[in-house]
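# Structural description and commentary
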Amino acid sequence: MNTTTLTAPASRTQVPNLGAIAARAIRAAFSPKASLFAAAVTAAVMYYHTLTIADTIAMQHAVAVDCLYAAPWGIAWLIRSIRKGGAR
């Protein structure tokens, strides 16, 4: 005789909340420390391009691209500063 019993699992399986994980990752990537790091790296790369590229137009293009790469962190910094200013 084969008898089967149904039992509930001891604990529920934890399903990750991908939305919260993504929000936390974006918040960390655009934190004040990450923005400061991005600004410092961008300034160093811009200085490097200014010193190493002899052609004026090519150097200006490289510096402009560097600024575009740093733009998301600059925008995040601007939004943070506006919120701080409005909260006073």
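Residues numbered from 1 in each chain as written. Predicted model: local features only at pLDDT ≥ 70, side-chain atom pairs only at ≥ 80, totals over all residues. Heavy atoms only, no water.

### Regarding a nonpolar patch on the surface
This is how it is decided: Only residues whose relative accessible area exceeds 30% and that form no salt bridge enter a patch; like-charged residues are grouped when within 9 Å of one another, and nonpolar side chains (Val, Leu, Ile, Met, Phe, Trp, Tyr) when within 5 Å. Here, Shrake-Rupley sampling with a 1.4 Å probe gives the accessible areas, and only protein chains in the shown set may cover a residue. Whenever a carboxyl oxygen of Asp or Glu lies within 4 Å of a side-chain nitrogen of Lys or Arg, that contact is scored as a salt bridge. Each helix corresponds to a stretch of at least 4 residues labelled H or I by DSSP, and each strand to a stretch of at least 2 residues labelled E; elements are numbered beginning at the N terminus.
On the surface, a cluster of nonpolar side chains totalling about 350 Å² of accessible area is made up of Trp77, Leu78 and Ile82. For leucine 78, the position within the fold is in helix α3 (residues 56–87).

### Overview of the packing of aromatic side chains
So the rule is basically this: Ring geometry is summarised as follows: Phe, Tyr and Trp rings, the Trp one being its six-membered ring, pair when their centres sit within 6.5 Å, and such pairs are stacked at plane angles under 30 degrees, edge-to-face over 60 and tilted between the two.
Summed over the entire model, instances satisfying the criterion amount to 1 aromatic pair. Summarising the aromatic geometry, the rings of phenylalanine 30 and tryptophan 73 are spaced 5.2 Å apart at their centres and angled 35° between planes, so their arrangement reads as tilted. With a gap of 43 residues between them, phenylalanine 30 in the loop between α1 (18–29) and α2 (32–52) and tryptophan 73 in helix α3 connect regions that are remote in the sequence.

### A closer look at the environment of serine 35
Convention followed: Should any heavy atoms of two residues lie within 4.5 Å, those residues are considered in contact.
Residue position: serine 35 is located in helix α2. Between the alpha carbons of serine 35 and tryptophan 77 there is a distance of 6.8 Å; along the sequence they are 42 residues apart. In contact with serine 35, other than residues within four places in its own chain, are Phe30, Trp73 and Arg80.

### Brief notes about the confidence of the model for the protein chain
Condition: Per-residue confidence from the predictor is given as pLDDT, running between 0 and 100.
A residue-level look at the protein chain finds 82% of positions with pLDDT of 70 or above and a mean pLDDT of 86. Across the protein chain, α2 holds the top mean pLDDT of 93, while α3 sits lowest at 89.

### A word on the environment of leucine 68
So the rule is basically this: Working definition: with a 1.4 Å probe on protein chains only, accessible area under 20% of the residue-type maximum means buried, over 50% means exposed, and in between means partly exposed.
Note that leucine 68 resides in helix α3. The class of leucine 68 is exposed, set by a relative accessible area of 63%. Considering only alpha carbons, one finds leucine 68 and threonine 42, 26 residues apart in sequence, at a separation of 9.7 Å.

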